[in-house]
Amino acid sequence: QVQLVESGGGLVQAGGSLRLSCTASGRTFSSYAMGWFRQAPGKEREFVAAISWTGYSTYYADSVKGRFTVSRDNAKNTVTVYLQMNSLKPEDTAVYYCTADENNVTVRLRGGIYWGQGTQVTVSS
């Protein structure tokens with residue numbers, strides 16, 4: 001059974017940091033590109049960051065570049081993807097979703113075939 005499970009969300013003050021984790025299992029996710037999207041209330045889901053299956057290539061939305069860092073740990077049966085979020089702003093408040101796909105471009109453009117349930121991040125001013 002495929003599972004993507006996000007964790008690490010919460011409430012933080014502006015300027016603070018959070019680290020999100022996404023644990024993926026049920027497929028050989030070590031060969032999948034992984035990404036993060038977010039959706040704020042009343043807004044469409046938007047791309048945040050992505051990482052290639054090797055971990056050598058990373059991609060970021062302009063709004064988070066320089067503040068967020070995506071990384072991954074390719075273990076044998078479980079892959080974990082991290083999103084380190086620094087200098088958080090109130091506009092970063094959203095539900096953050098992890099996604100995975102064999103196609104690197106697909107993950108960045110619209111998200112992958114697999115999605116997690118999301119984790120809430122709230123940044124207070």
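Residues numbered from 1 in each chain as written. Predicted model: local features only at pLDDT ≥ 70, side-chain atom pairs only at ≥ 80, totals over all residues. Heavy atoms only, no water.

Chemist: Any chance you could explain the environment of alanine 61 here in plain terms?
Modeler: With respect to the element layout, alanine 61 can be found in the loop between strand E6 (58-60) and strand E7 (68-74). Counting along the chain gives 12 residues from alanine 61 to alanine 49, while the straight-line C-alpha distance between them is 6.2 Å. With residues near it in sequence (within four places) discarded, alanine 61 still touches Phe47 and Val48. (Helix = DSSP H or I, 4+ residues; strand = E, 2+ residues; numbered from the N terminus. Contact = heavy atoms within 4.5 Å.)

Chemist: What exactly am I supposed to notice about the state of the cysteines here?
Modeler: Disulfides are covalent bonds that connect the sulfur atoms of two cysteines. Across all of its chains, the model carries 1 disulfide by this definition. Bridging cysteine 22 to cysteine 98, the disulfide has an S-S length of 2.1 Å. Handedness here is read from the sign of the S-S torsion; for cysteine 22 and cysteine 98, about -80°, the answer is left-handed. Highlighted residues: cysteine 22 in strand E3 (residues 18-25) and cysteine 98 in strand E9 (residues 94-101), separated in sequence by 76 residues. Residue classification places cysteine 22 among the buried residues on the basis of a relative accessible area of 0%. (Disulfide = S-S within 2.5 Å. Buried < 20%, exposed > 50% of the residue type's maximum accessible area, 1.4 Å probe, protein only.)

Chemist: Teacher, can you tell me more about the side chain of arginine 72 here?
Modeler: Turning to its location among the elements, arginine 72 is positioned in strand E7. Among the polar contacts made by the side chain of arginine 72, one reaches the main-chain carbonyl oxygen of phenylalanine 29 at a distance of 2.9 Å. Within the structure, arginine 72 has its side chain in polar contact with the backbone oxygen of serine 52 (distance 2.9 Å). Apart from residues lying up to four places away in sequence, arginine 72 is in contact with Phe29, Ser30, Tyr32, Ala33, Met34, Ile51, Ser52, Trp53, Gly55, Val79, Thr80 and Val81. (Polar contact = N/O pair within 3.5 Å; in protein donor to acceptor, adjacent residues only side chain to side chain.)

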